[in-house]
Amino acid sequence: MKKNIVILISGGGSNMAAIVRTAQQQDWEGRHGVRVAAVLSNRESAQGLEFARSQGIATQAIDHRAHATRESFDAALAAAIDAYEPALVVLAGFMRILTEGFVAHYAGRLVNIHPSLLPAFPGLHTHQRAIDAGCKVAGATVHQVTADLDAGPIVAQGVVPVLPGDTAEALAARVLAQEHAIYPPAVLGLLINP
Ligand code: GAR
């Protein structure tokens, strides 16, 4: 059976690119019937859209600023997503808070990556907060998305050291490399061992 992935991004899209490249290298389509069907963004300027297009993947930007309410934006986004009949919707640096209705519509097939070791440091500025708290390790968490922000069941985590003198930027780069290692296998695992 074919299983489509739809990836949502807002910016650089390096996690999306890691998933796309891993899917190509490991032939997810031939071996598992799994393909990245589309990459959608709330920003036309998201650099990741260009990479997706260069890989022959369908892209679409749905500008949240054109919608007066979160409900209206989420309805337009869901309509675009559902055109691809996704088995899994992957949030990869998608920086919008989603409505309860949207989350409920994708219950069990919506996954996110967050740049902290949840349940520590949900929300923003995770790296500076980990440094300020004196943490010796930091990392990233892949989790199912539920109505509570950054709080759904944990699927995978990756750990990196916090080094003496780390800035938020240095720690973010170390965590991001770890994100690229853990997100692709977590996505495939959710599709082939649901
Ligand atoms: C990643 O670090 C991701 O964990 C984070 O945004 C970055 C996106 O990078 N996501 C969040 O903070 C979600 N709350 P990317 O666009 O290069 O994948």
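Here we summarise the structure given alongside this text. Per chain, residues are indexed from 1 in the order of the written sequence. Totals for whole chains, interfaces and linings use all residues, but because this is a predicted model, local features are given only for residues with pLDDT of at least 70 and pairs of side-chain atoms are given and counted only at 80 or more. Side-chain measures were taken over the full set of non-hydrogen atoms in the model, leaving aside hydrogen atoms and water.

## Examining the side chain of Ser41
Secondary-structure assignment places Ser41 in strand 2 (residues 34-41). Only protein chains enter the accessibility calculation, which uses a 1.4 Å probe. A residue is then buried if its area is under 20% of the maximum for its type, exposed if over 50%, and partly exposed in between. Take Ser41: its relative accessible area is 1%, and that puts it in the buried class. Here a polar contact means two N or O atoms within 3.5 Å. Within protein one must be a hydrogen donor candidate and the other an acceptor candidate, and residues neighboring in sequence count only if both atoms are side-chain atoms. Among the polar contacts listed, one links the side chain of Ser41 to the backbone oxygen of Ile9, at a separation of 3.1 Å. The contact rule is simple, with two residues in contact once any of their heavy atoms fall within 4.5 Å. Ignoring sequence-local partners within four residues, the contact set of Ser41 consists of Ile9, Ser10, Ala46, Leu49, Gln60, Ala61 and Ile62. Numbering of helices and strands starts at the N terminus; helices are DSSP runs of H or I of at least 4 residues and strands are runs of E of at least 2.

## Points about the side chain of Glu179
Structurally, Glu179 is set in helix 7 (residues 168-192). In this structure the side chain of Glu179 is engaged in a polar contact, spanning 2.9 Å, whose partner is the side chain of Asn15. Glu179 has contacts with Asn15, Ile113, Pro115, Ala140 and Pro184, leaving out every residue within four places of it along the chain.

## Looking at the pairing of strand 3 (residues 58-61)
As a general feature of sheets, a regular strand has side chains that alternate between the two faces. Judged from the four bridges that link them, strand 2 and strand 3 form a sheet pairing that is parallel. Among the inter-strand pairings, Val39 is bridged to a residue of strand 3, identified as Thr59. Looking down the strands as they point away from the viewer, one classifies a crossover as right-handed if the path from the first strand across the helix to the second runs clockwise. Between the parallel elements strand 2 and strand 3, the chain passes through helix 3 (residues 47-54) in a crossover that is right-handed. At least two bridges found by DSSP between two strands is the condition for calling them paired.

## Thoughts on unusual backbone geometry
Leu118 connects to Pro119 through a cis peptide bond whose omega is 10°. Structurally, Pro119 can be placed in the loop between strand 5 (110-114) and helix 6 (126-132). One non-glycine residue, Phe121, adopts positive backbone phi at about 55°. Topologically, Phe121 is positioned in the loop between strand 5 and helix 6. Phi is positive for Asp150, close to 55°, though the residue is something other than glycine.

## Topic: the site of the ligand
The environment of the ligand is made up of Gly12, Gly13, Ser14, Asn15, Gly93, Met95, Ile113, His114, Pro115, Leu176 and Glu179. Between the ligand and Asn15 there is a distance of 2.9 Å, counted from an oxygen atom to a backbone nitrogen or oxygen. Listing elements by their share of the shell around the ligand, those giving two or more residues are helix 1 (14-25), strand 5 and helix 7. By the convention adopted, Pro, Cys, Tyr, Trp, Phe, Met, Ile, Leu, Val and Ala count as nonpolar, Lys, Arg, Asp and Glu as charged, and the other residues, Gly among them, as polar. Of the residues belonging to the shell around the ligand, the class tally is four nonpolar, six polar and one charged. The near set for a molecule or strand comprises every residue that places at least one heavy atom within 4 Å of it.

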